[in-house]
Amino acid sequence: MQIDLKQIKKILIIRPRAIGDVILTTPFIRNLKKTMPDAKIDFLLEPFVAPVLYGNPNINNILVFKRYTPKKELPAVAKMRKNEMQNISSNVKIFKNNMDMLFYLNRQKYDIVFDLWGNFRTIIISVLTGAKYRVGFVYKLRKFFYNIPVAPDIIPKYNVNYYFDLLKPLCIQPDNEQTEIYYSREDEQYITNFVNDLKKDGSKLIGINPMGSWITKRWPEEKFIELINLLLKELSDIKIILIWGPGELDSVSKIKSFFKNNKEVIVAPETNINQLAALIKKLDVLVTNDGAPKHIAVAVGTKTITIFGPTNYKSWGPADDLRHIYIFSGIECAPCDKMICKDKNMECMKKIEAKYVFEKIKLLI
């Protein structure tokens, strides 16, 4: 189907979650805006991830809708979701319910909808917008709902480039893979107040993210403790900052308890998504499991060491970038992309040694 870009005035992008996944859509958004600077671009997503797009100059409106069914989550996570929505950006619209959302989207008369998620709910939303063009990946029955279906690449590649494939029907040639996240002056000042004291003596800041949204993505706690001991023993003039998100403070505090008398190991202050971006920007390197902090680091230009287990590093990191090192065990069953290890022992993580990770850190610090 031939698309006349001059006729595209209103664009809707749908990608409900998660933090890292939405960050990976930002080059896609930028290239749409670059090609059609006068077009209005709206983005539909869930509340917790909405701040990822705060301040993004390529977005006109951030549209927030709730999950169809409440997700069971820790009280700390629920509190964070609530707090994020108390300090919303001026271009955010929050829908009261599904009907409110569907009526609003239909009234907008979008010219084109990009469904970057492709589950049953987002497919239905795409159709009910009434948009002339509906773009999405072909998978099973999805092809019957998109009038511009795109065959997904079966070869693993950075998901930024996976999204770029949806631009091919529009003959848009992407500029580059650089992702984006923004934060306010207030967010930056909050972090500067924390970091300034740590850097008074010229110390390098090493961030450690021992958490992950899946239990299978988490390198064992004892391995992180061993790594921190190596860093403290072998490197001078460093500070180690343990970063954390909703519901994770107890876990990082437990790691800190092994170094309770050591002032070089610090638990980061509580942050929202944008403040976390400002903090990661200040780090010299971030050592992390696969997850949101890793994607934030790439977006703000901070070097990373990422430990991969069940997920494929080729899908979740820029290729051939010496600022970002990927560590994985290489065992036969990995990557499996499973949230639960079938063998219950998570060998793909346990086989990665702290000494090996330490040697990689030295290459970047």
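Engineer: How do you make sense of the overall build of the chain when you look at a structure like this?
Structural biologist: On a plain count of helices and strands, the chain comes out with 14 helices and 13 strands. The C-alpha radius of gyration of the chain comes to 21 Å, within 12% of the 21 Å expected for a compact globule of 365 residues. Seen along its three principal axes, the alpha-carbon backbone of the chain occupies a region of about 60 × 45 × 40 Å. For the chain, buried positions account for 53% of its 365 residues. Sequence separation of at least 24 residues holds for 67% of the intrachain contacts in the chain that already meet a minimum separation of 6. Accessible surface, the chain as shown: approximately 17,700 Å² in total, 53% of it carbon and sulfur.

Engineer: It is not clear to me how the pattern of salt bridges should be interpreted in this structure. Could you clarify?
Structural biologist: When charged atoms on two side chains of opposite charge get close, those side chains can pair. Enumeration over the complete set of coordinates arrives at 18 salt bridges. The salt bridge involving Lys 157 is made with Asp 153; its shortest N-O contact spans 3.2 Å. Taking relative accessible area as the criterion, Lys 157 reaches 21% and is therefore assigned partly exposed. Asp 153 sits in the partly exposed class, given a relative accessible area of 33%.

Engineer: Help me understand the packing of aromatic side chains in this model?
Structural biologist: Where two aromatic rings form a pair, the distance of their centres and the angle of their planes describe that pair. Following the criterion strictly, the structure yields eight aromatic pairs and no others. Ring geometry for Phe 28 against Phe 114: centres 5.2 Å apart, planes inclined by 85°, an arrangement best described as edge-to-face. Of this pair, Phe 28 sits in helix α2 (residues 26-35) while Phe 114 sits in strand β5 (residues 112-115), and the two are 86 residues apart along the sequence. Look at Tyr 313 and Phe 328: their rings are 4.6 Å apart centre to centre, the planes differ by 10°, and that puts the pair in the stacked class. Of this pair, Tyr 313 sits in helix α12 (residues 313-316) while Phe 328 sits in strand β13 (residues 324-328), and the two are 15 residues apart along the sequence. A relative accessible area of 41% places Phe 328 in the partly exposed class. Its end group placed over the ring of Tyr 110, Lys 10 keeps NZ or CZ at 5.8 Å from the ring centre. Above the face of the Trp 214 ring, Lys 217 is positioned so that its terminal group lies 4.6 Å from the ring centre.

Engineer: Teacher, can you tell me more about the sheet that holds strand β2 (residues 40-45) here?
Structural biologist: Backbone-to-backbone hydrogen bonds pair the strands of a sheet. The strands run either parallel or antiparallel. With parallel pairing, the seven strands of this open sheet are ordered in space as β4-β3-β2-β1-β5-β6-β7. Whereas interior strands pair on both sides, the edge strands pair on one side only; in this sheet they are β4 (92-94) and β7 (148-150). In this sheet, neighbouring strand axes are inclined to one another by 20° on average, regardless of whether the strands run parallel or antiparallel. Note: strand β1 (residues 10-14) against β5, four bridges, orientation parallel. When the bridges of β5 are listed, Ile 11 appears paired with Ile 112. The sheet contacts of helix α5 (residues 120-128) involve β1, β2, β5 and β6 (133-137), and relative to β5 the element is tilted by about 175°.

Engineer: How do you make sense of the nonpolar core when you look at a structure like this?
Structural biologist: Counting 104 residues, the largest nonpolar core has Ile 11, Leu 32, Phe 114, Leu 227, Leu 231 and Val 357 as its most contacted members. Setting aside its immediate chain neighbours within four residues, Leu 32 contacts Ile 11, Ile 13, Ile 41, Phe 114, Leu 167, Leu 170 and Ile 172. Membership of the second largest hydrophobic core comes to 13 residues, among which are Leu 12, Leu 63, Phe 95 and Met 101.

Engineer: Explanation requested: the sheet that holds strand β8 (residues 204-209) in the structure shown.
Structural biologist: The strand order across the open sheet formed by six strands is β10-β9-β8-β11-β12-β13, and the pairing between neighbours is parallel. Each end of this open sheet is capped by a strand with a single partner; those strands are β10 (265-267) and β13. The mean angle between the axes of side-by-side strands here comes to 20°, regardless of whether they run parallel or antiparallel. In this sheet, strand β9 (residues 238-242) lies alongside β8 in parallel orientation, the contact comprising five bridges. Counted as the bridge partner of Gly 207 is Ile 241 from β9. The sheet contacts of helix α9 (residues 249-257) involve β9 and β10, and relative to β10 the element is tilted by about 165°.

About the criteria used
Residues numbered from 1 in each chain as written. Predicted model: local features only at pLDDT ≥ 70, side-chain atom pairs only at ≥ 80, totals over all residues. Heavy atoms only, no water. Helix = DSSP H or I, 4+ residues; strand = E, 2+ residues; numbered from the N terminus. Rg over C-alpha atoms; globule rule 2.2 N^0.38 Å. Buried < 20%, exposed > 50% of the residue type's maximum accessible area, 1.4 Å probe, protein only. Contact = heavy atoms within 4.5 Å. Areas by Shrake-Rupley, 256 points an atom, 1.4 Å probe, with all protein chains shown as cover. Salt bridge = Lys/Arg side-chain N within 4 Å of Asp/Glu carboxyl O. Phe/Tyr/Trp six-rings, centres within 6.5 Å; stacked < 30°, edge-to-face > 60°. Lys NZ or Arg CZ within 6 Å of the ring centre and 35° of its normal. Pairing = 2+ DSSP bridges. Axes fitted to C-alpha atoms, helices over the stretch in contact; angles between N-to-C directions. Core = buried A, V, L, I, M, F, W, Y, C linked by side-chain atoms within 4.5 Å.

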